[in-house]
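Now for the letters of each chain:
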Amino acid sequence: MDYISVALSQDELKLACVRVGGGQPEVLHLSRRDVRGLPDEEMPKVLQGALAGFNYRKMRAVGVVPAVAVTTKNIEIPSRDPQEIKSIINLQAGRHTPYSREEILIGYINIGVYQVNYTKVLLVIVNRQLVKRQVRAMELAGIKPEKVIFAPEGMGCFYAKGLNLKKRELPVGLIDIASGFSTFCVVLHGVVIACRSIPIGVTLLEQEPIEYQKRFLEEIKRSLESYQSEDIDKYPEAFFFTSQKGKSAVLQNLCAPELRSETKILSYLDYVRVPASVQKSIQEEEDSFLDVVGAAVSFSEAQVDLVPEETKLQRSIQAQGHEVLKLGALTVTILVMVCGLFFLEIYFKNNYLHRLSTS
């Protein structure tokens, strides 16, 4: 199965086409475009241009929302029933953001039962207009996203498959360094249990290395303090930097004493097949494509789906309309066939009576 995943922010557009199934996933295409200052009306054209030469309309599509655009919060819900958990979260979500309920979309990752009747979840909150903008741009480009995935969840699921993390008893940390920002998350049993966005990426690290390396280390400290203060789970047994690019080796050595666990660089590219034609795209970009690659590979496992309710309703109505049209067309066909048989019967009867009368 071929998937296309699209991440769209105010500054950049990233996408990946990935073939999943039958062994190791294969990256068919990667693209990054700078869209700073570009009006929304131009986004569909940019998308189509980035996919030139690909029959993307036949691919299953997914949108991707990065950690930098999302508010997360670890909370405990006094229930184990999925419907009851969803209902409680709908009521509580507004407490964790200054926006009204109508202005946000919410999702959650079920971390697991930690007490007899309590469930721990990672709450995910995002601005509704941001997601609607992305979905609209994709649809106008001829791409209908079936899901809108929270990028760190896709990253966690991706590494859970590659490293078989579901069998590990202790959590591990992932540190992904992209062009504009970095993502720190903790994964346990293949599920993301904590996440924090770091507002420092490759661009700033290249502009002023000494200053921003220092700031990056401070952000790592804050991320660890946040994780431990919320008493989410045990301390990670290892931390993996997800790319060999973006000064990862320097940052790994810098952060290792503070992380106080094994640290390694395990590039996401080691867990997918990458044709030579795609390698060129990767070499040209000082960026990580883990967010879009991970979302495509983890499509079926992702718990969070941020497609707006009104979009789902509209699609449901359209699907019902198509079914009605199909049923109507079928009814007309049957009526035509019945009428045809009726007139044929009359014709043969009249022909038979005519022959009797003339014989």
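Anything mentioned here points back to the structure above.
Just so you know, these numbers come straight off a predicted model, no measurement behind them.

Visitor: Tell me about the overall build of the protein chain, residues and numbers included.
Guide: When helices and strands are counted, the protein chain shows 10 helices and 13 strands. At 26 Å, the protein chain has a C-alpha radius of gyration far larger than the 21 Å of a compact globule built from 359 residues. Considered along the principal axes of its C-alpha atoms, the protein chain spans approximately 110 × 50 × 40 Å. Buried residues in the protein chain amount to 47% of all 359 residues.

Visitor: Give me the lowdown on the nonpolar core, citing residues and values where you can.
Guide: Phe158, Tyr159, Phe216, Ile220 and Val293 are the most contacted members of the largest nonpolar core, which has 80 residues in total. Apart from residues lying up to four places away in sequence, isoleucine 220 is in contact with Ile175, Phe184, Ile198, Cys255 and Leu259. In this structure, Cys17, Val35, Ala50 and Met59 belong to the second largest nonpolar core, which totals 20 residues.

Visitor: Explain the packing of helix α1 (residues 43-50) against helix α3 (residues 128-140) residue by residue, including any values.
Guide: It is at 8 Å that the axes of α1 and α3 come closest, and there the two elements cross at 60°. When the axes of α1 and α3 are compared, the pair comes out oblique. In this structure, the crossing between α1 and α3 has a hand that is right-handed. Facing Met43, Pro44, Leu47 and Gln48 of α1, the residues of α3 in contact are Arg133, Ala137, Met138 and Leu140.

Visitor: Tell me about helix α2 (residues 82-92), and please be specific about residues and values.
Guide: Regarding α2, the residues found buried are Ile85, Ile88, Ile89 and Gln92. Angular distribution of buried residues about the axis of α2 spans 100°; they occupy a single face of the element. Facing away from the buried surface of α2 by more than 90 degrees, the exposed residues are Gln83 and Leu91.

Visitor: Break down the environment of alanine 61 for me, with residues and values.
Guide: Structurally, alanine 61 is set in strand β4 (residues 60-65). With a relative accessible area of 1%, alanine 61 lands in the buried category. A C-alpha to C-alpha distance of 6.2 Å links alanine 61 and lysine 144, two positions 83 residues apart in sequence.

Visitor: Hey, could you go over the sheet that holds strand β5 (residues 70-77) for me, with residue numbers and the actual values?
Guide: Taken in spatial order, the 3 strands of this open sheet run β5-β7-β6, and their pairing is antiparallel. The open sheet terminates on both sides in strands that have one partner only, identified here as β5 and β6 (104-115). Taken over all neighbouring pairs, the strand axes of this sheet differ in orientation by 20° on average, direction set aside. Pairing of β6 with strand β7 (residues 118-127) involves 10 bridges; the strand directions are antiparallel. Across the sheet, residue tyrosine 108 finds its bridge partner in β7, namely leucine 123. Contacts from α2 reach β5, β6 and β7, with the element oriented near 130° to β6.

Visitor: Tell me about a nonpolar patch on the surface, and please be specific about residues and values.
Guide: On the surface, Leu327, Leu330, Ile334 and Val338 cluster together into a nonpolar patch covering about 380 Å² of accessible area. In this structure, leucine 330 sits in helix α10 (residues 309-358).

Visitor: Break down the packing of aromatic side chains for me, citing the residues and quoting the values.
Guide: Tallied over the entire structure, the rule returns 6 aromatic pairs. Arranged with centres 6.1 Å apart and planes meeting at 70°, the rings of tyrosine 235 and phenylalanine 239 form a pair that is edge-to-face. Judged by its relative accessible area of 0%, phenylalanine 239 falls in the buried class. In textbook terms, an aromatic cluster arises when at least three aromatic residues are bridged by ring pairs, as seen for Phe158, Tyr159 and Tyr271. Here the guanidinium or amino end of lysine 14 rests over the ring plane of phenylalanine 289, the centre of that ring lying 5.8 Å away. For the cation-ring pair, lysine 147 lies above phenylalanine 299, with the distance from its terminal atom to the ring centre recorded as 5.1 Å.

Visitor: Go over the environment of serine 223, please, and point to the residues and values.
Guide: Structurally, serine 223 is set in helix α6 (residues 209-229). Linking serine 223 and leucine 170, residues 53 residues apart in sequence, is a C-alpha distance of 18 Å. The residues touching serine 223, leaving out its near neighbours within four places in the chain, are Phe184, Arg196 and Ile198. For serine 223, the side chain forms a polar contact with the side chain of arginine 196, separated by 3.1 Å. A distance of 2.9 Å separates a polar side-chain atom of serine 223 from the backbone oxygen of glutamate 219.

Each value, and the rule that gives it
- Residues numbered from 1 in each chain as written.
- Predicted model: local features only at pLDDT ≥ 70, side-chain atom pairs only at ≥ 80, totals over all residues.
- Heavy atoms only, no water.
- Helix = DSSP H or I, 4+ residues; strand = E, 2+ residues; numbered from the N terminus.
- Rg over C-alpha atoms; globule rule 2.2 N^0.38 Å.
- Buried < 20%, exposed > 50% of the residue type's maximum accessible area, 1.4 Å probe, protein only.
- Core = buried A, V, L, I, M, F, W, Y, C linked by side-chain atoms within 4.5 Å.
- Contact = heavy atoms within 4.5 Å.
- Axes fitted to C-alpha atoms, helices over the stretch in contact; angles between N-to-C directions.
- Parallel < 35°, antiparallel > 145°, perpendicular 65-115°, else oblique.
- Left-handed = near helix turned anticlockwise from the far one by under 90°.
- Arc of directions from axis to C-beta.
- Pairing = 2+ DSSP bridges.
- Patch = residues over 30% accessible without salt bridge, like charges linked within 9 Å, V, L, I, M, F, W, Y side chains within 5 Å.
- Areas by Shrake-Rupley, 256 points an atom, 1.4 Å probe, with all protein chains shown as cover.
- Salt bridge = Lys/Arg side-chain N within 4 Å of Asp/Glu carboxyl O.
- Phe/Tyr/Trp six-rings, centres within 6.5 Å; stacked < 30°, edge-to-face > 60°.
- Lys NZ or Arg CZ within 6 Å of the ring centre and 35° of its normal.
- Polar contact = N/O pair within 3.5 Å; in protein donor to acceptor, adjacent residues only side chain to side chain.

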